[in-house]
Number of protein chains: 2
Amino acid sequence: MNGAESLLRTAAAAGIRVCFANPGTTEIPLVNAFDFEAGIRPILCLFEGVCAGAADGYARMSGNPAMTLLHLGPGFANGIANFHNARRARSAIFNVIGDHASWHLASDPLLASDIESLARPVSGWLRSADPAGSLGRDAAAAIAAARTGMIATLIAPHDAQLRETAETEVVETPRLPARPSAAIVEMSARLLSRAGKSALLLGGDGLSERGLRAAARVAAATGCTLWCDTFPARLERGGDLPVVQRVAYFPERAIEEFSGVSTVVLAGTRSPVAFFGYPGVPSRIVAERTETAILARPDEDVGAALEDLADALGAAAVRADPAPPAKRSDRTSGPLTPESVAAAVVGLQPEGAIVMDEGLTAARAYFSAAASAPRHSYLALTGGAIGQGLPCATGAALACPNRSVIALQADGSGMYTLQALWTQAREGLDVTTLILANRGYQILAVELARAGIAQPGAASRSLMAFDPLPSWTQLARGFGVPAVAVEDATHLWRELERALAEPGPHLIEVPI
Amino acid sequence: MNGAESLLRTAAAAGIRVCFANPGTTEIPLVNAFDFEAGIRPILCLFEGVCAGAADGYARMSGNPAMTLLHLGPGFANGIANFHNARRARSAIFNVIGDHASWHLASDPLLASDIESLARPVSGWLRSADPAGSLGRDAAAAIAAARTGMIATLIAPHDAQLRETAETEVVETPRLPARPSAAIVEMSARLLSRAGKSALLLGGDGLSERGLRAAARVAAATGCTLWCDTFPARLERGGDLPVVQRVAYFPERAIEEFSGVSTVVLAGTRSPVAFFGYPGVPSRIVAERTETAILARPDEDVGAALEDLADALGAAAVRADPAPPAKRSDRTSGPLTPESVAAAVVGLQPEGAIVMDEGLTAARAYFSAAASAPRHSYLALTGGAIGQGLPCATGAALACPNRSVIALQADGSGMYTLQALWTQAREGLDVTTLILANRGYQILAVELARAGIAQPGAASRSLMAFDPLPSWTQLARGFGVPAVAVEDATHLWRELERALAEPGPHLIEVPI
């Protein structure tokens, strides 16, 4: 057995099942090792940004670490933007980056670069394997780190992959995340029970079914409002689940929403920060005078913490009535707008759907409308690095082959990693992509207006408009995904219903 | 005037004319500043990897620094692979990366990351602008550095862009590159005049017309052979230009070619290194016993050095007869092979064409065939980070609007940055792309065979084959580029002739 085989066997024994891969010459021993380790299926992506985003989506939905195999510094670099999103989502990802043989690096071959410098900003754990060491042991350490909710990156020189070894390693069972002390629970209970408006901010596992039901008990007992991050990694929604509000994107509005709140308790998230800094607007949404307490940090057992809090308050279980299912007569018609598109998706998304939302300005109506949708998982763009949606939907579909995936995708962002459509076609994934095509980078127009520039000149307009307009239906068909463009809401309902009913990927271009 | 305007005015005064851009909210003041600085045209690319590769192609062909404008760490990261190629090409590029306002960074907003760590591996010059300093002065320092043949990266916080300033800066005229001393010229002349086989290895400016004509005089006087890097940044070729051999890609063959050489003189390049390290094969192509001398380093005046050397040898000018132009009757027919494709391109490429070669395994026959083509510039994949071809061709076409650009593009590599086709369509660029479609990552099959694996298993085969096969004609049309797939060599000659005759971009899918 060589180092490459030892690495894969260790990963397979630790429960890793898929590897999103785009390998090259320095990874040949690992490529070959896949033929001898049936426990891990390599999944080819035609661009590393797709590997990274798919790993993120897989990790969010499977609860199991995802693995990637990437080619040297430049190959890894192509994945950094989506690894940035995955880092913000606290997704468990085990990256393996092949490198030149250690004895070859000293000659500075053309593909050599400082991989560690590239990998450090997104990796919670990072190691360049010792070519005389054990890749199995390195992989075990990396996977144990990844399981704590981080990206673990192992740089594997070619000679380390080839080195003969007898070893595979057992990955340590992760320690259970810490449960907050009774004193902390008690303090949170006391704060939320005081007079004045209070808010419970949820993130991470606080947005699971368990977390949400406990949070609803807390809200019923104390009158606090329930909030989630603007861009949650995974939020369970719909059906009879408790409804949480989302912190507003623009800081002026978010600050206003929290201005009357005297107490904030954080469970699985941090105090919210404005997405961008605007002159004269504070970075922090919650005012300094607001008393803020941490019930549970993101790496703690947030679900248990919320249950403990509800118990400490003596709160009873809360039952919500799910919204009635949409009727055929509810179908909207007329022009395609964010609102009519949201109505169609909410009306048709099946029970148990996974909705990946990188719709940005064009999907703004969906989130609030979907509170009354059937039970589903909602995934957001966690780090603001656009190009996450199509890959993340791809990974989510691989993690949950029996669930329908719907990608709400802005056209500008979708362009970054459109190669994900090919992997969807190849794997026959049940992903329905709605390209919400507003024909440009609308966010730039919004931000220019916010900066006081009402009439942008020709040069800045040229940086916003997609002229000529790309044809997403042709692009999708080029990758083997059936596609159609719709013209009005009636047409959208019909095509979306058809796409959701048929197995395999579909794309619907929705001009807005 | 604010910092953003000061930056652009300084750059325009320094002769920068284009900026390959994909900005976001942190770059709004710079976006707006383009409306007030007519000297620099912003060129929108739908993915930052396109910005980076286009900047590289522009710099190689214009002799003037290219500028980019990118959005924070993830936006820059999307360009790293092509910046890696540009670094290896010694292309002059001035990057501006917008960043959060400095006062906002302390709150760790979601899009924050360690931009310096990401930028350092590809940047010869790197600075995070002081928000209380002058962006004009920073830009002047960056552009001066870029002009010496490197990537200069300026991180520009939002508040630095907004800061009121009166200053624009004058970029220092670069010092002329050093000319080697008479002693060094004399030593090189003596070494090349000794008995035994000798070789003159050319890179950088040694591959310009001036460098090549001087090198040919040296060869005629000394009997040395002329060589260029395996992947030259820019090589002038064809017509009556002297022919140079290319160092072979696989080290076994290259080592054999240099095994009988007793003297090597380097002019504008370094001693060649194997692209990858293979067990038992040396990293360095030139044996240790071979005497090696440096006539001129890449940052010196290589053309002048070669002329001095030729003069020192008392060498007369050499005149080569250009190959006769291809006749219509020379047109090949039959199946599409690397050889028949090469014959068609060589037969039809017009005088003064720019040929960007990322054809990899499928274009292997082109280089030697093109020695007899009309005069042209040949651009190669300099750093091995695939996805360079389509963007680099785009930038070259913008630099040389009166020259025809031909991109020989492997299908797997082309997939990385296919969004470049949109910029070609938008700008109406005269680029003809030949997708040499061998339907997979053939290099993996080659390397598995070299590693002794003649019969790869199903898992490793799944990492090589493009199944389903993407349709490049549909993808190209989706971006607004007319496209056709050809079936045999006759068909290719016809369609290539048509594409070269018509203005604007075209794509021809060539299954091989």
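For the structure, check the block above.
Definitions and limits used
- Residues numbered from 1 in each chain as written.
- Chains lettered and ligands numbered in written order.
- Predicted model: local features only at pLDDT ≥ 70, side-chain atom pairs only at ≥ 80, totals over all residues.
- Heavy atoms only, no water.
- Contact = heavy atoms within 4.5 Å.
- Buried area = accessible area lost by both parts, 1.4 Å probe.
- Salt bridge = Lys/Arg side-chain N within 4 Å of Asp/Glu carboxyl O.
- Polar contact = N/O pair within 3.5 Å; in protein donor to acceptor, adjacent residues only side chain to side chain.
- Helix = DSSP H or I, 4+ residues; strand = E, 2+ residues; numbered from the N terminus.
- Nonpolar A, V, L, I, M, F, W, Y, C, P; charged D, E, K, R; others polar.
- Axes fitted to C-alpha atoms, helices over the stretch in contact; angles between N-to-C directions.
- Parallel < 35°, antiparallel > 145°, perpendicular 65-115°, else oblique.
- Left-handed = near helix turned anticlockwise from the far one by under 90°.
- Least-squares fit on C-alpha atoms with pLDDT ≥ 70 in both.
- Buried < 20%, exposed > 50% of the residue type's maximum accessible area, 1.4 Å probe, protein only.
- Pairing = 2+ DSSP bridges.
- Core = buried A, V, L, I, M, F, W, Y, C linked by side-chain atoms within 4.5 Å.
- Phe/Tyr/Trp six-rings, centres within 6.5 Å; stacked < 30°, edge-to-face > 60°.

## Here's the deal with the interface of chain A and chain B
By convention, interface size is frequently given as the accessible area that disappears when the constituent parts associate. Counting residues at the interface gives 93 residues for chain A and 94 residues for chain B. At the boundary of chain A with chain B, total buried surface from both sides reaches about 7800 Å², with 64% on carbon and sulfur atoms. Linking chain A to chain B there are four salt bridges. Across the salt bridge formed by Arg270(A) and Asp108(B), the nearest N and O atoms sit 3.5 Å from each other. Inspection of the region where chain A meets chain B yields 47 residue pairs in polar contact (both at pLDDT 80 or more). A total of five residues in the side of chain A that touches chain B trace back to one element, the largest contributor, which is helix α5 (residues 80–89) of chain A. Grouping the amino acids of the side of chain A that touches chain B by side-chain chemistry returns 54 nonpolar, 26 polar and 13 charged.

## Some details on the environment of Ala12(B)
Residue position: Ala12(B) is located in helix α1 (residues 3–13). For the pair formed by Ala12(B) and Pro109(B), sequence separation is 97 residues and the distance between their alpha carbons is 33 Å.

## A few points about the packing of helix α3 (residues 48–62) of chain B against helix α5 (residues 80–89) of chain B
Two packed helices can be described by the angle between their axes and the distance between those axes. All names here are of chain B. Between α3 and α5, the shortest axis-to-axis distance is 8 Å and the interhelical angle comes to 20 degrees. As summarised for this structure, α3 and α5 are arranged roughly parallel, according to the angle between their axes. Judged by the sense of rotation from one axis to the other, the crossing of α3 with α5 is left-handed. Packed against α3, whose contacting residues are Gly-49, Ala-52, Gly-53, Asp-56 and Arg-60, the element α5 presents Asn-82, Phe-83, Asn-85, Ala-86 and Ala-89 at the interface.

## Observations regarding the relation of the copies chain A and chain B
Mapping chain A onto chain B leaves a residual RMSD of 0.0 Å; the transformation is a rotation of 180 degrees accompanied by 0.0 Å of translation along its axis. Put plainly, the chains are arranged around a two-fold axis. Residue by residue, 100% of the interface of chain A is reproduced at the interface of chain B, so both copies engage with the same surface.

## Some details on the pairing of strand β11 (residues 261–267) of chain A
All names here are of chain A. For β11, a buried count of six out of seven residues is recorded, marking the element as mostly surrounded by other parts of the structure. The pairing of strand β7 (residues 197–202) with β11 spans six bridges and is classified as parallel. Residue pairing across strands places Leu-202 opposite Ala-267, the latter belonging to β11.

## Quick notes on the nonpolar core
Phe20(A), Phe94(A), Phe20(B) and Phe94(B) are the most contacted members of the largest nonpolar core, which has 202 residues in total. In this structure, Ala189(A), Leu202(A), Cys228(A) and Leu500(A) belong to the second largest nonpolar core, which totals 65 residues.

## Quick word on the sheet that holds β7(A)
All names here are of chain A. Here we have five strands laid out as an open sheet, ordered β10-β8-β7-β11-β12, and parallel in their pairing. On the outer flanks of this sheet lie β10 (245–246) and β12 (291–296), each paired with one strand and no other. Across five bridges, the pairing between β11 and β12 is parallel. Bridge pairing in β12 links Thr-263 to Glu-291. Sheet strands touched by helix α10 (residues 182–193): β7, β11 and β12. Its angle to β12, the strand with the most contacts, is close to 140 degrees. Along the sheet, helix α12 (residues 251–258) contacts β7, β8 (225–228), β10 and β11; its crossing angle with β11, the most-contacted strand, is approximately 110 degrees.

## A few points about the packing of aromatic side chains
We describe a pair of aromatic rings using the distance from one ring centre to the other and the angle between the two ring planes. All names here are of chain A. The full count for this structure, using the stated rule, is 27 aromatic pairs over all chains. With a centroid separation of 5.3 Å and an interplanar angle of 40 degrees, the aromatic rings of Tyr-249 and Phe-275 are classed as tilted. Taken together, the positions of Tyr-249 in the loop between β10 and α12 and Phe-275 in the loop between β11 and β12 put the pair 26 residues apart, joining distant regions of the chain. Under the relative-accessibility criterion, Phe-275 is labelled buried at 9%. Between Phe-367 and Tyr-378 the ring centres are 5.1 Å apart and the planes differ by 70 degrees, which places this aromatic pair in the edge-to-face class. Here Phe-367 is found in helix α15 (residues 366–369), whereas its partner Tyr-378 is found in strand β14 (residues 376–380), with eleven residues between them in sequence.

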